[in-house]
Amino acid sequence: MAQIKMTDLASPRFKANPYPFYARLRAEAPVCRTTLLRQRTWLVTRYADVLAVLKDERFVKDWPPKTRWLHRFAGPITRHMLNQDGADHMRLRTLVHKAFTRGLIEQLRARIQSVCDELLTQAAHNGRLELMHDYALPLPLTVIAELLGIPERDRFRFHTLSRSSLSASTLAGVVRSLPDQWALIRHLRKLIKERRTEPRADLITALIQAEEAGDRLSEAELLGMITLLLIAGYETTVNLIGNGALALIEHPQERARFEQHPALVESAIEELLRYTSPLDMASQRFAREDVNINGATIPRGDLVIAIVGSANHDETQFPEPETFDITREPNKHLAFGQGAHFCLGAPLARLEGQIALTTLFQRFPNLRLAQAPESLRWRKSLIVRGLEELPLAF
Ligand code: HEM
């Protein structure tokens, strides 16, 4: 197989349907060598290998010394749990874990429902619905911003500042995104200062109090935590809702089952997570020592990318993986990762996806695409898979 360019894997055209290429990789080059950010990188695509990488402690998240300069430039917002291992990771995760347990998240049900209702009432009033901008983005952004305590005036600004770093797939792109990241840090510092003098019943205040109670959370860790929760909290769910709505519209039989049998909502969301890959790739890992995977030796210090979108379409794990079946059982997809870094926000993402899509299709039974599916624009990004816009008619 010819050398793979990571920029190709981040291109909008590729994102529209990456699955045939992933199937080829699984068959011909399941552990495949390439280059990312000028580093030797290995792409892992088979279900069993992706699972092994996610669970194997020899693959670590902390950056090796030769790449730490990137961290220093990006500043404190890279100092978060997703970039830490072992006890450091556990300490940070434990601080916020309780706020995201299923029981506590369930208490947000009524608020999530009312945000969905308000957004769709507004769309009905306007007579048009561009799903990404009008619904899929504002719902999870509002929910995570309210949980954290980010004022309404700052939300859209934070969103534009964080987006450029997610689109970067080259070193030049990462460097270009740095001024936005620095601006985000400045804004967050101001907000933290406000909360220190005026505490509120929100997660930012709770984290500040944890910091003040001892040396459990440094200012850099506080900034890293807030940024991670904010970005991970909506940039993924937006694509579950967008990709999910598109998949249901494109599969009328499954859509009819979804609309007629509300009890199927949980398994439908699991299948959408599997089938549409809101997050195509897990974040970076590095080999702590030489590691053998499926016959290939990954040398110590090399970067490894586990492609969960490919694992979720692996025919050895999922019979007829290209069939979208909202009653699929078993469905052990890896959309939320696995192991120590398993998605902290999975209960929130699931609940938001369930309520958002149920409400959307109930409210607009005639919902349909307002333009040909081939002309839909996908976002340029290495790790997320989502639409730029999804204009719908109702
Ligand atoms: C459909 C929506 C979502 C998807 C597909 C998703 C996917 C993932 C995946 C694959 C990982 C593991 C990455 C890795 O191991 O490299 C992860 C981690 C994480 N996710 Fe999510 N996520 C979603 C929603 C959320 C939400 C709503 C939150 C809310 C705060 C969140 C917070 C996090 C955090 C904090 C981590 C890091 C956990 C750790 O390092 O221990 N995610 N997510």
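Residues numbered from 1 in each chain as written. Predicted model: local features only at pLDDT ≥ 70, side-chain atom pairs only at ≥ 80, totals over all residues.

Chemist: Describe the overall build of the protein, and please don't skip the residues or the numbers.
Modeler: Each helix and strand in the protein was counted, giving 19 helices and ten strands. The principal-axis extent of the C-alpha atoms belonging to the protein is close to 60 × 55 × 35 Å. Counting only residues that meet the buried cut, the protein has 41% of its 394 residues in that class. Residue pairs at least 24 apart in sequence account for 73% of intrachain contacts in the protein once pairs closer than 6 positions are excluded. (Helix = DSSP H or I, 4+ residues; strand = E, 2+ residues; numbered from the N terminus. Buried ≥ 20, exposed ≤ 12 C-beta atoms within 10 Å, placed from the backbone. Contact = placed C-beta atoms within 7 Å.)

Chemist: Outline the pairing of strand β1 (residues 31-36), supporting the account with residue identities and numerical values.
Modeler: Pairing of β1 with strand β2 (residues 39-44) involves six bridges; the strand directions are antiparallel. Residue pairing in the sheet places V31 in a bridge with V44 of β2. Two successive antiparallel strands, β1 and β2, enclose a turn made up of two residues, where L37 displays a positive phi of approximately 50 degrees. (Pairing = 2+ DSSP bridges.)

Chemist: Could you give an account of the nonpolar core, naming the residues involved and the relevant values?
Modeler: By size, the foremost hydrophobic cluster in this structure holds 104 residues, and its most contacted members are V44, V50 and A306. Looking at this core element by element, the count peaks at ten residues for helix α14 (residues 219-234). Non-local contacts of V50, meaning those with residues more than four positions away in its chain, are made with V44, A306, I307, V308, A311 and L334. (Core = buried A, V, L, I, M, F, W, Y, C linked by C-beta atoms within 7 Å.)

Chemist: Pulling in residues and values, what's your account of the site of the ligand?
Modeler: With respect to spatial proximity, 25 residues lie near the ligand, and among them T236, G337, C343, G345 and A349 are the closest. Elements represented by at least two residues in the shell around the ligand include exactly α14, α15 (237-250) and α19 (346-363). Looking at which element gives the most residues to the shell around the ligand, the answer is α14, with four residues. (Near = placed C-beta within 6 Å.)

Chemist: I'd like a rundown of the environment of Q113, residues and numbers included.
Modeler: By secondary structure assignment, the location of Q113 is in helix α8 (residues 109-126). The partly exposed category is assigned to Q113, around which 15 C-beta atoms lie within 10 Å. Once residues lying within four places of it in the same chain are set aside, the contact partners of Q113 are I355 and T359.

Chemist: Describe the sheet that holds strand β4 (residues 129-130), and please don't skip the residues or the numbers.
Modeler: Spatially, β4-β10-β9 is the arrangement adopted by the three strands of the open sheet, whose pairing is antiparallel. Either end of the sheet is taken by a strand with one partner, and the two such strands are β4 and β9 (368-369). Here β9 runs beside strand β10 (residues 391-393); their pairing, made up of two bridges, is antiparallel. What sits directly across from R368, in β10, is A393.

Chemist: Pulling in residues and values, what's your account of the packing of α8 against α19?
Modeler: Packing of α8 against α19 brings their axes to within 10 Å, and their N-to-C directions diverge by 35 degrees. For the pair α8 and α19, the crossing hand works out as right-handed. Two secondary-structure elements touch here, α8 through R109, I112, Q113, C116, D117 and L120 and α19 through L351, E352, I355, A356, T359, L360 and R363. A class-by-class count of the residues in the contact of α8 with α19 yields seven nonpolar, two polar and four charged. (Axes fitted to C-alpha atoms, helices over the stretch in contact; angles between N-to-C directions. Left-handed = near helix turned anticlockwise from the far one by under 90°. Nonpolar A, V, L, I, M, F, W, Y, C, P; charged D, E, K, R; others polar.)

Chemist: Which residues make up the environment of L95, and what are the values?
Modeler: The residue L95 is located in helix α6 (residues 86-97) in this model. The class of L95 is partly exposed, set by 19 C-beta atoms lying within 10 Å. Excluding residues within four positions of it along the chain, L95 makes contact with L207, A210 and L217.

Chemist: Could you give me a rundown of the packing of α15 against helix α17 (residues 265-276), with the residues and numbers involved?
Modeler: The angle between the axes and the distance between the axes are what describe a pair of packed helices. Taken N-terminus to C-terminus, the directions of α15 and α17 make an angle of 95 degrees; their axes are 10 Å apart at the nearest point. Between α15 and α17, the angle falls in the class roughly perpendicular. Of the residues in α17, those touching α15 at L240, N243, G244 and A247 are L272, L273, Y275 and T276. Partitioned by chemical class, the residues of the contact of α15 with α17 number five nonpolar, three polar and no charged. (Parallel < 35°, antiparallel > 145°, perpendicular 65-115°, else oblique.)

Chemist: Just give me the short version of the sheet that holds strand β3 (residues 59-60), but keep the residues and values in it.
Modeler: Pairing within the open sheet is mixed, and its five strands lie in the order β1-β2-β8-β5-β3. The two strands at the open ends of the sheet, each matched to only one other strand, are β1 and β3. Where β3 lies against strand β5 (residues 285-287), two bridges are found, and the strand directions are antiparallel. The residue bridging V60 from the neighbouring strand is F286, located in β5. Sitting on the sheet, helix α4 (residues 47-55) touches β1, β2, β3, β5 and β8 (303-306), and the angle it makes with β8 is about 125 degrees.

Chemist: Let's hear about the pairing of β8: which residues, and what values?
Modeler: Of the two faces of β8, the one holding L303 and I305 and the one holding V304 and A306 are both buried throughout. Examined bridge by bridge, β2 and β8 share four bridges and lie parallel to one another. Pairing of T41 across the sheet is with L303, part of β8. In terms of strand pairing, β5 meets β8 through two bridges, oriented antiparallel. Paired with R285 across the strands is V304, a residue of β8.

Chemist: Residues and numbers for unusual backbone geometry, please.
Modeler: Note the cis peptide between E329 and P330, where omega equals -5 degrees. Take P330: it is sitting in the loop between α18 (308-311) and α19. Positive phi, normally seen in glycine, also occurs at L37, with a value near 50 degrees. Among the structural elements, L37 can be located in the loop between β1 and β2. Of note in the backbone geometry, N294 takes a positive phi value of approximately 50 degrees without being a glycine. With respect to the element layout, N294 can be found in the loop between β6 (291-293) and β7 (296-298). On the neighbour-count criterion, N294 (11 C-beta atoms within 10 Å) is exposed.

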